[in-house]
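Secondary and tertiary structure notes
Read off the chains here:
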Amino acid sequence: MRVVVTGSAGHLGSTVVAALRQGGVEGVGVDVRSGSQTAIVADVRDARSMRRALHGASAVIHTAALHAPHVPLHSKREFIDVNATGTQIVLDAAAEASVGRVVYSSTTSVYGHALEPGDAAVWVDEDLMPRPRDIYDVTKLAAERLCELFTSETGIPTTCLRVSRFSFDTAPGLAVPIACTVR
């Protein structure tokens, strides 16, 4: 099994690649920056590079993105290009490669203003409606919608995981399910 992980120079992506490899899976890291878990240096906005990287892949785990701390450092256009357009390019390459599944790393940040408590604490579950507060939230939510459309058009299962913050000095241990059913 060959699993391509975008964003492999980042905290989450590098940890996922390492966990896949420890589990006996061929984890292939892709990132615009080189890193210890990056086998292919390429930008998710480069369709040709993504097609080459995903050729022969069984699955893709898409963690590459500009993140909330990048909001003051990058333009809205850059967020759209990386987080939304880059996701669509990865999905197009996944369809062309006929991967078996796609996992997209989204964020709980998409809830935005909905997380601001009024008179009571906010319960976060699938019923809480996202209320984006910045371009990061908007583009991550847009990428989730692109994943939904991708699955409806191709039949390739996708899972969008709304993970929380990754602000730590060392990468935590992750349990990565190697044989899972993704819907």
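A quick note: this is a predicted structure, and the numbers were derived from the prediction, not measured.

Some remarks on the overall build of the protein
Along its length, the protein carries 4 helices and 6 strands. Put simply, the protein runs from its N terminus to its C terminus through helices and strands in the order β-α-β-β-α-β-α-β-α-β. Among the 183 residues that make up the protein, the fraction classed as buried is 42%. Put simply, of all contacts in the protein between residues at least 6 apart along the chain, 63% involve residues at least 24 apart. As displayed, the protein offers around 9700 Å² of accessible surface, 53% of which is attributable to carbon and sulfur atoms.

Thoughts on the nonpolar core
Among the nonpolar cores identified, the biggest contains 23 residues, and V4, M50, L54, V60, A94 and V102 are the most heavily contacted of them. The set of elements that each furnish at least two residues to this core consists of strand 2 (26-31), helix 2 (47-54), helix 3 (76-97), strand 5 (101-107) and helix 4 (135-154). Among the elements that make up this core, the one with the highest residue count is helix 3 (5 residues). Judged by nonpolar contacts, the second largest core, of 10 residues, contains L12, V16, V17 and V103.

As for the packing of helix 3 against helix 4
Remark: helix 3 packs on helix 4, axes separated minimally by 9 Å, with the N-to-C direction vectors making an angle of 20°. Relative to helix 4, the element helix 3 lies roughly parallel. For helix 3 against helix 4, the interelement crossing comes out right-handed. When helix 3 is examined against helix 4, the residues K76, F79, I80, N83, A84, T87, Q88, L91, A94 and A95 are found in contact with a partner set consisting of I135, Y136, T139, K140, A143, L146, C147, F150 and T154. Classifying every residue of the contact of helix 3 with helix 4 gives 12 nonpolar, 5 polar and 2 charged.

Description of the environment of G10
Take G10: it is sitting in the loop between strand 1 (2-6) and helix 1 (11-22). Its relative accessible area of 21% is what places G10 among the partly exposed residues. Along the backbone, G10 and D31 are 21 residues apart, and their C-alpha atoms lie at a distance of 8.4 Å.

Considerations on the confidence of the model for the protein
Residues of the protein with pLDDT of at least 70 account for 90%, and the chain-wide mean is 90. Segment residues 174-183 is flagged for pLDDT under 50; beyond a separation of four residues in sequence, or across chains, it makes 18 contacts in the model.

Some details on the pairing of strand 4 (residues 59-62)
Burial of strand 4 is two-sided: the residues A59 and I61 facing one way and the residues V60 and H62 facing the other way are all buried. Of the strand pairs in this sheet, strand 1 and strand 4 are connected by 4 bridges, and their pairing is parallel. Bridging from a neighbouring strand, V3 pairs with A59 of strand 4. Looking at chain direction, strand 4 and strand 5 are connected through 4 bridges and run parallel. Looking across to strand 5, one finds that I61 is bridged to V103. Taking the sense of rotation as the criterion, the β-α-β connection linking strand 4, helix 3 and strand 5 turns out right-handed.

A look at helix 1
Here helix 1 is 12 residues long and its end C-alpha atoms lie 17 Å apart, about the 16 Å a rise of 1.5 Å per residue gives. All of the buried residues along helix 1 are L12, G13, S14, T15, V16, V17, A19 and L20. On its buried face, helix 1 is in contact with strand 1, strand 2, strand 4 and strand 5. Two residues or fewer after helix 1 comes G24, characterised by a positive phi angle close to 85°.

Concerning the packing of helix 2 against helix 3
At their nearest, the axes of helix 2 and helix 3 sit 9 Å apart, and the two run at 40° to each other. On the basis of their axis angle, the class for helix 2 and helix 3 is oblique. In this structure, helix 2 meets helix 3 at a crossing whose hand is right-handed. Mapping the contact onto sequence places A47, M50, R51 and L54 in helix 2 and I89, V90, A93, A94, E96 and A97 in helix 3. In the contact of helix 2 with helix 3, the residues fall into 8 nonpolar, no polar and 2 charged.

About the criteria used
- Starting from 1, residues in each chain are numbered consecutively following that chain's sequence as written.
- This being a predicted model, a pLDDT of at least 70 is required before a residue's local features are given, and a value of 80 or more before pairs of side-chain atoms are given or counted; all residues contribute to the totals for chains, interfaces and linings.
- Excluded from the side-chain calculation are hydrogens and water; included are all heavy atoms of the structure.
- Secondary structure elements follow DSSP: runs of H or I no shorter than four residues count as helices, runs of E no shorter than two count as strands, and numbering proceeds from the N terminus.
- Three labels apply to residues, based on accessible area from a 1.4 Å probe with only protein chains included: buried if under 20% of the type maximum, exposed if over 50%, partly exposed otherwise in between.
- Note on contacts: a residue pair qualifies if any of its non-hydrogen atoms lie within 4.5 Å across the two residues.
- Where accessible areas are quoted, they stem from the Shrake-Rupley method and a 1.4 Å probe; at the residue level, only the protein chains shown are allowed to cover.
- Definition of nonpolar core: a set of buried residues of the types Ala, Val, Leu, Ile, Met, Phe, Trp, Tyr and Cys, connected through side-chain atoms within 4.5 Å.
- Angles run from 0 to 180 degrees between N-to-C directions of axes, and those axes are lines fitted to C-alpha atoms, restricted for helices to the stretch in contact.
- Roughly parallel covers angles under 35 degrees, roughly antiparallel covers those over 145, roughly perpendicular covers 65 to 115, and oblique covers all other angles.
- Handedness of a crossing follows from how the near helix is turned relative to the far one, being left-handed for an anticlockwise turn of less than a right angle and right-handed for a clockwise one.
- Just so you know the grouping, Ala, Val, Leu, Ile, Met, Phe, Trp, Tyr, Cys and Pro go in nonpolar, Asp, Glu, Lys and Arg go in charged, and all remaining residues, Gly too, go in polar.
- For every residue, the predictor states its confidence as a pLDDT score lying anywhere from 0 to 100.
- At least two DSSP bridges between two strands are needed for those strands to be called paired.
- Handedness of a crossover is defined as follows: with both strands directed away from the viewer, a clockwise route from the first strand across the helix to the second makes it right-handed.
- By definition here, a helix of n residues has an expected span of 1.5 Å times n minus one.

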